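Here are the chains, one letter per residue:
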Amino acid sequence: MPTQEMRGAAVLAGLGAWLPPHVVDNHELSQRLDTSDEWIRTRTGIGQRHIVTPGMSTVDLATEAGALALRSAGSDQVDALVLATATPDQVCPASAPQVASRLGLTGIAAFDVNAVCAGFVYALATASGLIAAGAASRVLVVGADTFSTLVEPNDRGTVPIFGDGGGAVVLRAGTPGELGALGPFDLHSDGELADLLVVPAGGSKMRRSDDPTDYFLAMQGTAVFRHASARMAESSREVLRAAGWAVDEVDSFVGHQANVRILNAVAKHLGVPKEDVVVNIERTGNTSAASIPLALTDACVDGTLKPGDKVLISAFGAGLTWGSTALRWPELADVESPHREQRIVQAAAL
Ligand code: UT7
């Protein structure tokens, strides 16, 4: 990891997340795929996922999440928008400018970062760089993906795993010692393993294919599982070392929600107790770039993350890409649960 001289810091100032209303649970999936609630729960920890319905896209999820993060920050004044996504609305152009315009932010710098499931950590680092360079003093960072549009509808190896969603944070310029200051960062990639998780067709290498499955995600799950567990642990250790934190100082580990067994394996490698691992995958599935901000939102709303807590964040995705960061949790206002329909059901039951 390169030496990181802190010239100012990017500080977490707002948080929000949004899930599309349509929920598909494991029982519904097992009626059309050769799978079962029991297999999906025990092998992944997933019980349901939210998916977009026709007419809803990544830009919609990103806009909803972005609006909630701006509201939580108490201001819609930002100089830049960084959107982490691997499922933009179009191959060209990037989706971030459309999200900015939908939020009434036409004119600001806006671009996409594609590091797939590690995208949100990459986007946090990118936004922190914009702030450190003086190119922006407030940045909206959004992670949004619609992997339900990339999975082959009959593939039991991928359909149960992925869900759709959006999550976002507002970062503002601040100082390294204050609560909410992000960093250090640790980022990596290994393009030699690109074929482990790939959508072969539709890009510049294979514009068209006669095989319709080439347009869908092909995943070598077991190999990805192995790399995800090892790389997230290595990278987390690097961040702990650079932050000067002992592992037993970590109050919460927020890892990419791909599989509860991966989260438990990383925690075991690191020596973080299971009860300090944030897990919300049961209700969301793997939402790719939205997974970290969704998990942060859930953990903030349920009181797991408290001001002053030491929070370790790590993610891993296709590419391969992976990375980690850390922060001491700040005081945040107006953070809403993304599970609105469940709150409505609970309220009605009272
Ligand atoms: O976000 C980053 C990207 N993705 C990931 O991080 C995913 C990482 N990988 C994983 O989470 C796991 O590898 C999976 C959940 C995808 C698969 O779990 P696994 O324990 O690696 O299972 P497997 O692929 O080795 O399959 C075990 C068995 C096989 O049957 P046999 O050969 O033992 O008879 C599969 O055919 O489970 C079978 N299987 C299923 N059975 C019921 C695979 N998918 C299913 C299914 N329902 N949905």
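This one's a predicted model, so the numbers in the text were calculated from it and none came from an experiment.

The next subject is the overall build of the chain. Each helix and strand counted, the chain has 10 helices and 13 strands in total. Taking 350 residues into account, the globule formula puts the C-alpha radius of gyration at 20 Å, and the chain, at 19 Å, falls close to it. Structurally, the chain occupies a C-alpha span of about 55 × 50 × 45 Å along its principal axes. Restricting to contacts in the chain with at least 6 residues of sequence separation, those with at least 24 account for 77%. Accessible surface for the chain amounts to roughly 14700 Å². Of this, 52% is attributable to carbon and sulfur atoms. Averaging the positions of the 26 positive and the 39 negative side-chain charges in the chain gives two centres separated by 2 Å.

Take the packing of helix H6 (residues 221-243) against helix H7 (residues 260-270) next. Between H6 and H7, the shortest axis-to-axis distance is 9 Å and the interhelical angle comes to 40°. Classified by the angle their axes make, H6 and H7 are oblique. Read as a crossing pair, H6 and H7 show a hand that is right-handed. Side by side, H6 and H7 meet where Phe-225, Ala-228, Ser-229, Met-232, Ala-233, Ser-236 and Arg-237 of the first sit next to Arg-261, Ile-262, Ala-265, Val-266, His-269 and Leu-270 of the second. Partitioned by chemical class, the residues of the contact of H6 with H7 number eight nonpolar, three polar and two charged.

This part takes up the site of the ligand. Taken together, 22 residues lie around the ligand, and Thr-35, Arg-43, His-256, Asn-259 and Asn-286 are the ones closest in. Measuring from an oxygen atom of the ligand, one finds a side-chain N or O atom of Trp-39 at 3.3 Å. A distance of 2.8 Å separates an oxygen atom of the ligand from a polar side-chain atom of Asn-259. A total of 950 Å² of accessible area belongs to the ligand in isolation, and the protein chains cover 69% of it. Taking a 2 Å distance to the grid points as the criterion, the majority of the atoms of the ligand fall inside the second largest pocket. Each of domain 1 (4-174) and domain 2 (185-328) gives at least three residues to the shell around the ligand.

The next point concerns the layout of surface pockets. Within this model, the largest pocket holds a volume of roughly 970 Å³. Around the largest pocket, the lining comprises 35 residues; the ones closest to its centre are Ala-86, Asn-114, Leu-150, Val-199 and Ala-201. Classifying every residue of the lining of the largest pocket gives 19 nonpolar, 12 polar and four charged. When we break the lining of the largest pocket down by domain, the ones giving at least three residues each are domain 1 (4-174) and domain 2 (185-328).

The next thing to look at is the domain arrangement of the chain. The domains assigned to the chain are domain 1 (4-174) and domain 2 (185-328). One C-alpha centre belongs to domain 1, the other to domain 2, and the line joining them spans 14 Å. With 49 residues of domain 1 at the contact, the number on the domain 2 side is 43 residues. Of the roughly 3400 Å² buried between domain 1 and domain 2, counting both surfaces, carbon and sulfur atoms make up 67%. Three residues stand out in domain 1 for area buried against domain 2, namely Cys-117, Val-121 and Tyr-122, and they jointly supply 18% of the buried area on that side. Applying the counting rule to domain 1 against domain 2 returns one salt bridge. When the shortest N-O distance is used, the salt bridge between Glu-282 and Arg-41 registers 2.9 Å. Remark: the boundary between domain 1 and domain 2 carries 15 residue pairs in polar contact (both at pLDDT 80 or more). Taken together, the elements giving at least two residues each to the side of domain 1 that touches domain 2 come down to strand E1 (9-18), helix H2 (37-44), strand E3 (48-50), helix H5 (119-132), strand E6 (138-146) and strand E7 (164-174). The dominant element in the side of domain 1 that touches domain 2, judged by the number of residues it contributes, is H5, at six residues. A breakdown of the residues in the side of domain 1 that touches domain 2 according to their chemical character gives 24 nonpolar, 18 polar and seven charged.

Take the environment of Trp-18 next. With respect to the helices, strands and loops of the structure, Trp-18 is situated in strand E1. What Trp-18 contacts, discounting residues up to four positions off in sequence, is Met-56, Leu-61, Glu-64, Ala-65, Leu-68, Gly-165, Gly-166, Pro-338 and Arg-340.

To continue, consider the UniProt feature "domain: Beta-ketoacyl-[acyl-carrier-protein] synthase III C-terminal" (unreviewed entry) in the chain. As annotated in UniProt, the feature "domain: Beta-ketoacyl-[acyl-carrier-protein] synthase III C-terminal" (unreviewed entry) corresponds to residues 240-329 in the numbering used here. End-to-end, the C-alpha atoms of residues 240-329 are 16 Å apart, and along that stretch the chain is 33% helix and 22% strand.

When we look at a pair of aromatic rings, we describe it by the centre distance and by the angle of the planes. One pass over the structure, following the stated rule, counts two aromatic pairs. Ring centres of Phe-147 and Phe-162 lie 5.0 Å apart, and the angle between their planes is 25°; on these two criteria the pair is classed as stacked. Of this pair, Phe-147 sits in the loop between E6 and E7 while Phe-162 sits in the loop between E6 and E7, placing them 15 residues apart in sequence. Among the residues examined, Phe-147 registers a relative accessible area of 3% and is labelled buried. By relative accessible area, Phe-162 is classed as buried at 4%. The residue whose ring lies beneath Arg-231 is Trp-322, and the NZ or CZ to ring-centre distance is 5.8 Å.

Residue position: Thr-146 is located in strand E6. Polar contacts involving the side chain of Thr-146 include one to the side chain of Thr-58, which spans 2.8 Å. Filtering out sequence-adjacent residues up to four positions away, Thr-146 remains in contact with Val-52, Ser-57, Thr-58, Leu-61, Thr-87 and Asp-164.

Rules behind the numbers
- Residues numbered from 1 in each chain as written.
- Predicted model: local features only at pLDDT ≥ 70, side-chain atom pairs only at ≥ 80, totals over all residues.
- Heavy atoms only, no water.
- Helix = DSSP H or I, 4+ residues; strand = E, 2+ residues; numbered from the N terminus.
- Rg over C-alpha atoms; globule rule 2.2 N^0.38 Å.
- Contact = heavy atoms within 4.5 Å.
- Areas by Shrake-Rupley, 256 points an atom, 1.4 Å probe, with all protein chains shown as cover.
- Lys, Arg positive; Asp, Glu negative; His and termini not counted.
- Charge placed at Lys NZ, Arg CZ, Asp CG, Glu CD.
- Axes fitted to C-alpha atoms, helices over the stretch in contact; angles between N-to-C directions.
- Parallel < 35°, antiparallel > 145°, perpendicular 65-115°, else oblique.
- Left-handed = near helix turned anticlockwise from the far one by under 90°.
- Nonpolar A, V, L, I, M, F, W, Y, C, P; charged D, E, K, R; others polar.
- Near = heavy atom within 4 Å.
- Polar contact = N/O pair within 3.5 Å; in protein donor to acceptor, adjacent residues only side chain to side chain.
- 1 Å grid on protein atoms, 1.4 Å probe; cavity = no way out; pocket = protein on both sides within 12 Å on 5 of 7 lines; lining within 4 Å.
- Sits in = over half its atoms within 2 Å of the grid points.
- Domains from an automatic or database assignment.
- Points joined across faces, edges and corners; volume = space filled by probe spheres on them.
- Buried area = accessible area lost by both parts, 1.4 Å probe.
- Salt bridge = Lys/Arg side-chain N within 4 Å of Asp/Glu carboxyl O.
- UniProt positions renumbered as here; feature names shortened; annotations may be inferred.
- Phe/Tyr/Trp six-rings, centres within 6.5 Å; stacked < 30°, edge-to-face > 60°.
- Buried < 20%, exposed > 50% of the residue type's maximum accessible area, 1.4 Å probe, protein only.
- Lys NZ or Arg CZ within 6 Å of the ring centre and 35° of its normal.

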